[in-house]
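Residue-level listing of the chains:
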Amino acid sequence: MLNRSFRLGLRALLASTLLTVASIATAAQVNPDAPDTYVVRPGDTLWSIAGKFLDEPWRWREVWHSNSDVRDPDLIYPGDVLRLTMIDGVPSVGVERNGRSNPRVRVSTGNAVPVIPMSAIAPFLTRPFVADSDAIDRAPYVVGFPDEHIVAGLHDSIYVRRIDSTRISKFQVLRPGDALRDPDSNELLGYEAGFVAEAVLERPGDPAKLRVVRVEREVAIGDRVVPEVVEALPASFRPRPAPAGTRGRILMVLNGVREIGQYDVVALNRGTRDGIQPGHVLEVYAGGTKQRDEVRQGEVDWNWRGESPLSSEFWYGNDHEIAGWLRNEPSPDAPLPLHVEVRKRRATYIAPYERAGTLMVFRTFDRVSFALVMSATRAMHVEDRVAAPRP
């Protein structure tokens, strides 16, 4: 009996030890420059605050210690004093009770700190959006204008084919953009549909008559008209790693810049059908591209003194190599004298993949999603690869 109890106790001790070791091994890593305390300022975001304490800001919930005796204990407000402590080797961050902010009376100190800068994504939460190719082709379209205008502006009327019902009265006018294709498979993922205007129905029919009530650009013939969809803005996001094994590419930048940096919005070639949801975090990797090898091309080490009509470089250039001798080429029926076989050198190399930044998905479609670049350690570009964070 004693031996059995001893064995059970030993097993429990080993299990507890292994669990502690595993939790330490998988615990969020503290930023080497993390402060002991930090006073929350207006303009901060949970992501930026978490980045001061952790190497992986999206793991903030793993270390956040909320005070259960205050209203909305998971929220952080400007003026709160956050303190970092280590408990059994595991980091913990919480609001300091005796700091500059008393957690019991911080209910009216202003708006809670958002997870990410909402101002950066607000224009992209409801527009533009990615339209299925069939849906955008089948949508009613602007066919003309009552006053023989070339384009229509605010308060102008437009003719649309065709809207038969008065059940829907508010519409969005969209302009189909470029096709979005998967860089790897060339699959058509949809079309970017840029927002043009808002319009209200004046008279159904074919054509129907609508009046423009809000405009961002002039309405043109061929613009598509779809029912207005009012989407509630999310109160917050829950950052978390994308599913393990997720791989994708950046399709485009939504603000038209060439190089991608922090707080730029990008479109990815992965969507809800791939398990992508708002809040999913991915890492961006630059590289995998063919680069010039200047040494092999002779651009760095060029022996200009040895160049003469007696050298092969004089005739073939510096980017070749002699592979051997050829006889009876191109065929035995048309023999040529013995001559040298010259091949172009492999004057390129493939750049290794390097981590370039982190992004978080905030809006998803079937095959495409929009994401905000949260951090950038180097320049990123369209078609760079994205992947789930490494465990």
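The paragraphs below set out a description of the structure included in this document.

## Notes on the sheet that holds strand E4 (residues 90–95)
Then comes step 1: The mixed open sheet is built from four strands, whose spatial order is E1-E3-E4-E2. Strand pairing shows two members of the sheet lacking a second neighbour, strand E1 (37–39) and strand E2 (64–65), which therefore form its edges.
Then comes step 2: Relative to E4, strand E3 (residues 81–87) runs antiparallel, the two sharing six bridges. Paired with Met86 across the strands is Pro91, a residue of E4.

## Here's the deal with helix H2 (residues 46–53)
Then comes step 1: Among the residues making up H2, those that are buried are Leu46, Trp47, Ile49, Ala50 and Phe53. Axial view of H2: buried residues confined to an arc of 160°, hence all on one face.

## Thoughts on the packing of aromatic side chains
The relation between two aromatic rings is expressed through the spacing of the ring centres and the mutual angle of the planes.
Then comes step 1: Scanning all chains against the criterion turns up five aromatic pairs.
Then comes step 2: Where Trp47 meets Trp58, the ring centres are 6.3 Å apart and the plane angle is 40°; that geometry is what we call tilted. With Trp47 in helix H2 and Trp58 in the loop between H2 and helix H3 (60–63), the pair connects residues that are eleven residues apart, well separated along the chain.
Then comes step 3: Residue classification places Trp47 among the buried positions, given a relative accessible area of 8%.
Then comes step 4: Take Trp58: its relative accessible area is 6%, and that puts it in the buried class.
Then comes step 5: When the centroid spacing of 6.4 Å and the interplanar angle of 55° are considered together, the rings of Phe362 and Phe370 count as tilted.
Then comes step 6: Classification of Phe362 by relative accessible area gives buried; the value is 3%.

## Things to note about the side chain of Glu283
Then comes step 1: Counting through the fold element by element, Glu283 comes out in strand E15 (residues 280–286).
Then comes step 2: A distance of 2.8 Å separates a polar atom in the side chain of Glu283 from a polar atom in the side chain of Tyr285.
Then comes step 3: In this structure the side chain of Glu283 is engaged in a polar contact, spanning 3.0 Å, whose partner is the side chain of Arg355.
Then comes step 4: For Glu283, the contacting residues outside a window of four places in its chain are Trp58, Arg355, Gly357, Thr358, Arg385, Val386, Ala387, Pro389 and Arg390.

How each quantity is defined
As a convention, each chain's residues are numbered from 1 in the sequence order in which they are written. Side-chain atom pairs in this predicted model are given and counted only at pLDDT of 80 or more, local residue features only at pLDDT of at least 70, and totals for whole chains, interfaces and linings cover all residues. Hydrogens and water are ignored here; the side-chain numbers use all heavy atoms of the structure. At least two bridges found by DSSP between two strands is the condition for calling them paired. Numbering goes from the N terminus for both helices and strands, where a helix is a DSSP run of H or I of at least four residues and a strand is a run of E of at least two. Note on exposure labels: buried denotes an accessible area under 20% of the residue type's maximum, exposed denotes more than 50%, and partly exposed covers the range between, all computed with a 1.4 Å probe on protein chains only. Taken from the helix axis, the directions to the C-beta atoms give the arc we talk about. The criterion for an aromatic pair is that two Phe, Tyr or Trp rings (for Trp, the six-membered ring) have centres within 6.5 Å, with stacked assigned to planes under 30 degrees apart, edge-to-face to planes over 60 apart and tilted to the rest. Any N or O atom pair separated by 3.5 Å or less is treated as a polar contact, with the protein-specific requirement of one donor-capable and one acceptor-capable atom, and with residues adjacent in sequence counted only for side-chain atom pairs. What makes two residues a contact is simply this: any of their non-hydrogen atoms within 4.5 Å.

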